[in-house]
Amino acid sequence: MKKITQIPLNIVITWWIFWGIISIFSFTGLYVPGVHTYIILGIFILSLFAGGKCVYFFKSKIASSPCCSELLVERNLNYSFNASIALLFAVLSVLVVRCQILVHQSFTPTVYRSFAFSTVSTVGTLFQNRILENLYFLISSPLLFFIALYALVEFWRKGTFKKLIIAFILNSMDAYIRLGRVNLYLMIVLFMIVFLISDYKIITFLKNKKKELLLIFVAFAGILYIGVQRGYSPTQQFKMFVIDYHTVGFDLFDHELKNPASALNTVRTYGRLSMGGLETIGTIIIRRFDKNYYSPALENSIKMANESIVVGVENPPTVIFNGIKVYNSFYTLLYTFYSDGGYLGIIFGGIVLGFILEFFYQRWIQHHNILDAFFLILFISIGILSIFMSQLEIMRTWIIFVFLILIGYISKVTGRNEIK
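Residues numbered from 1 in each chain as written. Predicted model: local features only at pLDDT ≥ 70, side-chain atom pairs only at ≥ 80, totals over all residues. Heavy atoms only, no water.

## A closer look at the overall build of the protein
- When you go through the protein residue by residue, the secondary structure sums to 17 helices and two strands.
- Looking at the 420 residues of the protein, the share that counts as buried comes to 50%.
- In the protein, the proportion of contacts linking residues at least 24 apart, taken out of those at least 6 apart, comes to 74%. (Helix = DSSP H or I, 4+ residues; strand = E, 2+ residues; numbered from the N terminus. Buried < 20%, exposed > 50% of the residue type's maximum accessible area, 1.4 Å probe, protein only. Contact = heavy atoms within 4.5 Å.)

Given below as C-alpha cells:
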C-alpha cells in the first residue's frame, strides 16, 4: 500500500488546503477573503474527498482489462508525439529567430510583448499576419501540452528523460517568444507530482540523475530569467508569481461572490462553464458565420481578462502596482463550478473530479495502461492549475481529452481489423 502522500487525489486536496491557508495571512498585501469563500472552498475539498471514496463502489470497472491493445495505443501515441515535435520545432525555430531580431533591433524585452502580438486594432510584428498568429496559438498550446504529458508519462513508466528534455526545449522556445512562464511552470510542478506518485526514491534519484537535476535547475533559471526580462527582481517574482498568483484567485472569487449584481450571483450556466473549453471549439466555428455569437465560456474569459479588480495594497509600494494590487483572470475552478450550479455545482464538480483522479490512479495500479496514466496526469493538471484559472474553460484541456478518447477508439478498431 502506497503512502497517503503518494495518492494523486490527496496531493490535489493538500494543494488547495495549503494555498487556502496561505491566503489567510495576506503575506503580500492581498485582502483576506470572506468566510463565505472559505466555506465554499471547504465544501469543494470535502467533495473531492467524497468523490475519491465513491470509486470503491466501482471495483469491477477498475478490475476490468483495458479494451484495446497497449502496443497499438503506444504506437499511435508515439506517432503523434513525433509528428508534434517535428511540426513545433520547424515553426518555433523560425519564430525564435524572428523574436531575437525584434528584441535586439527593435524593442527592449519589457515592451516586446506590446508590439509582438496582435491587438484589436493592430497586427503584431512577430507573425505579421493575424490569421497565422491565431492559428499558431490555437494549435501550439494543445501540442505543447500533449508532448509534455507524453514525456511525463514516459518518465513515470520507464524512468527515461529523453522525451522530457525534448518537451522542455520546445516549451522553452515557446516561453521565449511569449516571454511567459506557464508551460515551464506546468512541467516542473507535474514532474514533481509524478515523482511523488512513482516508486523512485529521492536519495537514489539525487545520486544517479545529476543531468536530470541540472535540467530542472535550468527550468527554474529559465522562469527567473523571463521574469527579469520583464523587469521583476527575484524578490518581486517570489511575491507576485508564487504568493499572489496562487492565492489571488480566492480574492477575485470572493469579490464576485460579495457582489449581488455580479454574473456569479445572477446567472447560472448549468454546466456550460465546466464544458466551456469544449464549447469554445464550436464557438470559434460558429463565429466565422455569426460574429455576435458568444458562448458563456468565451464571454467569461473576455470579462475576466478585461475587468481588473483591486484586491489588495502594497507596503511599501512598487513600480508594478504603485501601492494598489490589481488583478484579473485568476478566478479558479471554484468560479466555474459555482457559476454552473451554486453549492450543488461545487459539490457535484468536486465529486466528479475526485472520482476521476482516484479511478484512473487505481486503474493504473492494477493495469499500468498508458491511457490511464495519460488521463490521470491530465486530470491532475486540471486539479493543480485550476487554482489559477479554470482548466475546464480552456480549449487545450478538452482537445487533449477528446484526442485520448480517439486514440483509444482507433487503437481498438485497428486491433479488431488486424485480428480479422
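## A short note on helix H14 (residues 296–306)
- When H14 is considered as a whole, its buried residues turn out to be Pro296, Ala297, Leu298, Asn300 and Met304.
- Residues of H14 that are buried make contact with helix H13 (276–286) and helix H15 (332–367).

## Notes on the packing of helix H1 (residues 8–25) against H15
- Put simply, H1 and H15 touch, their axes get as near as 8 Å, and they point 145° apart. Contacts between H1 and H15 involve Pro8, Leu9, Val12 and Trp16 on the former and, on the latter, Thr332, Leu333, Leu334, Gly354, Leu357, Glu358 and Tyr361. (Axes fitted to C-alpha atoms, helices over the stretch in contact; angles between N-to-C directions.)

## Considerations on the side chain of threonine 247
- Mapped onto the elements of the fold, threonine 247 is located in helix H11 (residues 234–258).
- Threonine 247 sits in the buried class, given a relative accessible area of 3%.
- If we ignore the near neighbours within four places in the chain, the residues touching threonine 247 are Trp19, Ile22, Ser23 and Leu30.

## Things to note about helix H16 (residues 370–385)
- With 16 residues, H16 ought to run about 22 Å at 1.5 Å a step, and its terminal C-alpha atoms sit 22 Å apart, in line with that.
- The element H16 is extensively covered by neighbouring structure, given that 16 of its 16 residues are classed as buried.
- Looking at where H16 begins, the residue whose side-chain oxygen comes 3.0 Å from the main-chain nitrogen of leucine 371 is asparagine 369. (Expected span 1.5 Å × (residues − 1). Polar contact = N/O pair within 3.5 Å; in protein donor to acceptor, adjacent residues only side chain to side chain.)

## A closer look at the pattern of salt bridges
- Taken as a whole and judged by the stated rule, the model has ten salt bridges.
- With a closest N to O distance of 3.5 Å, aspartate 372 and arginine 363 form a salt bridge. Assigned by exposure class, aspartate 372 and arginine 363 land together as buried.
- One salt-bridge network, in which partners are shared between bridges, spans Glu70, Glu74, Glu154, Arg157 and Lys158. (Salt bridge = Lys/Arg side-chain N within 4 Å of Asp/Glu carboxyl O.)

## Let's talk about the environment of leucine 252
- In this fold, leucine 252 is placed in helix H11.
- Through-space distance from the C-alpha of leucine 252 to that of tyrosine 335 is 9.2 Å; in sequence the pair is 83 residues apart.

## Brief notes about the packing of aromatic side chains
- Applying the stated criterion to the full structure yields 36 aromatic pairs.
- Summarising the aromatic geometry, the rings of phenylalanine 44 and phenylalanine 337 are spaced 6.2 Å apart at their centres and angled 50° between planes, so their arrangement reads as tilted. Highlighted residues: phenylalanine 44 in helix H2 (residues 35–54) and phenylalanine 337 in helix H15, separated in sequence by 293 residues. Phenylalanine 337 shares its class with phenylalanine 44; the two are buried.
- A centroid spacing of 6.0 Å and a plane angle of 90° characterise the contact between phenylalanine 379 and phenylalanine 401, whose relative ring orientation is edge-to-face. Here phenylalanine 379, found in helix H16, pairs with phenylalanine 401, found in helix H17 (residues 395–419); they are 22 residues apart in sequence, far enough to count as distant.
- Its relative accessible area of 9% is what places phenylalanine 379 among the buried residues.
- Linked through ring pairs, Phe58, Phe355, Phe359, Phe360, Phe375, Phe379, Trp398 and Phe401 together constitute an aromatic cluster.
- The positively charged end of arginine 268 is found above the aromatic ring belonging to tyrosine 338, 5.2 Å away from the centroid.
- Over the ring of phenylalanine 145 we find arginine 396, and its NZ or CZ is 4.4 Å from the ring centre. (Phe/Tyr/Trp six-rings, centres within 6.5 Å; stacked < 30°, edge-to-face > 60°. Lys NZ or Arg CZ within 6 Å of the ring centre and 35° of its normal.)

## Description of the pairing of strand S2 (residues 324–327)
- Only one face of S2 is covered, namely the face carrying Lys325 and Tyr327; the face carrying Ile324 and Val326 is uncovered.
- Taken together, the four bridges between strand S1 (residues 309–313) and S2 define a ladder with antiparallel strand orientation. Bridged to glycine 312 within S2 is lysine 325. (Pairing = 2+ DSSP bridges.)

## Some details on the environment of arginine 272
- On the secondary structure map, arginine 272 appears in the loop between helix H12 (263–266) and H13.
- Remark: the alpha-carbon pair of arginine 272 and threonine 336, spanning 64 residues in sequence, is separated by 8.9 Å.
- Filtering out sequence-adjacent residues up to four positions away, arginine 272 remains in contact with Glu279, Tyr293, Ser295, Pro296 and Asp340.
- Looking at arginine 272, its side chain comes within polar contact range of the side chain of glutamate 279, at 2.3 Å.

## Concerning a nonpolar patch on the surface
- On the surface, a nonpolar cluster with roughly 540 Å² of combined accessible area is contributed by Leu87, Val91, Leu132, Leu135, Leu138, Ile139 and Ile284.
- Secondary structure elements with two or more residues in the nonpolar patch: helix H4 (70–106) and helix H6 (130–158).
- Here the nonpolar patch gets four residues from one element, more than from any other, and that element is H6. (Patch = residues over 30% accessible without salt bridge, like charges linked within 9 Å, V, L, I, M, F, W, Y side chains within 5 Å. Areas by Shrake-Rupley, 256 points an atom, 1.4 Å probe, with all protein chains shown as cover.)

## Section: the confidence of the model for the protein
- Taken as a whole, the protein shows an average pLDDT of 85; of its residues, 88% reach a score of 70 or greater.
- Here helix H9 (residues 202–208) is the element of the protein with the lowest mean pLDDT, 56, and H2 is the one with the highest, 97.
- Predicted confidence is poor over residues 1–5, with pLDDT under 50, and the contacts of this stretch with residues over four places away or in other chains come to six contacts. (pLDDT = per-residue confidence, 0-100.)

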